[in-house]
Structure formats: C-alpha cells, structure tokens
Amino acid sequence: MGIGETGLDFYEVKESDKRKRQLKIFDIFIEISNEYDLPLVLHARDAEAKCLEIVKKKSNIYDVIFHCYSGDVETAKQIVAEGYSISFSTLACFSDHHQELIEHVPISNILTETDSPYLSPFKGKRNEPAFVEETVKIIAEKNL
Ligand SMILES: [Zn+2]
C-alpha cells in the first residue's frame, strides 16, 4: 500500500495559479504519507528536481518512488543518493533516454511498471500489465 500517485506535472500544467494548487495538494499527500507511514508514489513530469527538493524537505518517509521516471540523469543520481526508488515504464522499450537512465541507476533502486493502458511497447496495441516483461528485458540488458 502507498500514497499516490501524487506530485507535480509541469508538462501538462503551465499556469502559475494551477501549479500553486498542485504544490498545495502535493503537500497534503506528503502529510498523509508521513502520518500513516506509507510509501509515497510520485508523478513528476518536467518537475522531477522540484519534487525531489520538496520530498527531501517534507517527507519522513524513506520509501519514495518516482513512478514512470523521465527526468535527467543528474536528478536520477540525486534520487538514488536519498535512497529513493525510480520506476521505469515500458517507455524504456523505445526510448534511448530511458535506456541511458537505466544504465545509471543501481538495480537496487529500480522498480518497473507499464503505466498501461498508455506507453505500449507495441505500436498500435493497447498497453497491458503483462507487457512489463518487455521493460524487465531492457533493464536486464542495460543494467549490467
Ligand atoms: Zn503518473
């Protein structure tokens, strides 16, 4: 069991008043996670470093998961330094950037998922939970 997904999506949301609202709601989720001592599952898009900065400051929870991570390598390394986990989705099956990320994150900090029905590894086909196998193959190949 965990709290989330929660976090910041600055890719979808550009207006500052809406971003402020996201920050406010994010704080509430962090409080709930702290209160119930449950892992925090983060959705961070174009806001990975900002999310990290906030959870470092406000979360008592060691178990923080950056779901469907697509940020840069540097932020990924900082996430790992905090002992948090990074979840790679089926995006890794067709994205060079995600494959590079996988090379830089220790296996002990890697989780995986599909984010289905989105991000199918097979063109024109709806993503399914079973396709997580495709991401696992990439992780096995890239994270030596
Ligand atoms: Zn998400």
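Summarised in this report is the structure supplied together with it. (Residues numbered from 1 in each chain as written. Predicted model: local features only at pLDDT ≥ 70, side-chain atom pairs only at ≥ 80, totals over all residues. Heavy atoms only, no water.)

1. Observations concerning unusual backbone geometry
Logical step 1: Cis geometry is adopted by the peptide bond preceding Glu5, which originates at Gly4 and carries an omega value of 5°.
Logical step 2: Topologically, Glu5 is positioned in strand S1 (residues 3-9).
Logical step 3: In this chain, Ser116 is followed by Pro117 through a cis amide linkage whose omega measures 15°.
Logical step 4: Residue placement: Pro117 occurs in the loop between strand S5 (110-112) and helix H5 (132-142). (Helix = DSSP H or I, 4+ residues; strand = E, 2+ residues; numbered from the N terminus.)

2. Side note on the sheet that holds S5
Logical step 1: Read from one edge of the open sheet, 5 strands run S1-S2-S3-S4-S5, paired in parallel fashion. Both outer strands of the open sheet, S1 and S5, are each paired with one neighbouring strand and no more. Put simply, the sheet's adjacent strands are angled 30° from each other on average, direction ignored.
Logical step 2: The sheet contacts of H5 involve strand S4 (85-88) and S5, and relative to S5 the element is tilted by about 155°. (Pairing = 2+ DSSP bridges. Axes fitted to C-alpha atoms, helices over the stretch in contact; angles between N-to-C directions. Contact = heavy atoms within 4.5 Å.)

3. Remarks on a nonpolar patch on the surface
Logical step 1: Taken together, the side chains of Ile28, Ile32 and Tyr36 present a nonpolar region at the surface, about 290 Å² in accessible area.
Logical step 2: When you line up the elements, Tyr36 lands in helix H1 (residues 16-36).
Logical step 3: A residue is classified by how much of its surface remains accessible, and Tyr36, at 53% relative accessible area, is exposed. (Patch = residues over 30% accessible without salt bridge, like charges linked within 9 Å, V, L, I, M, F, W, Y side chains within 5 Å. Areas by Shrake-Rupley, 256 points an atom, 1.4 Å probe, with all protein chains shown as cover. Salt bridge = Lys/Arg side-chain N within 4 Å of Asp/Glu carboxyl O. Buried < 20%, exposed > 50% of the residue type's maximum accessible area, 1.4 Å probe, protein only.)

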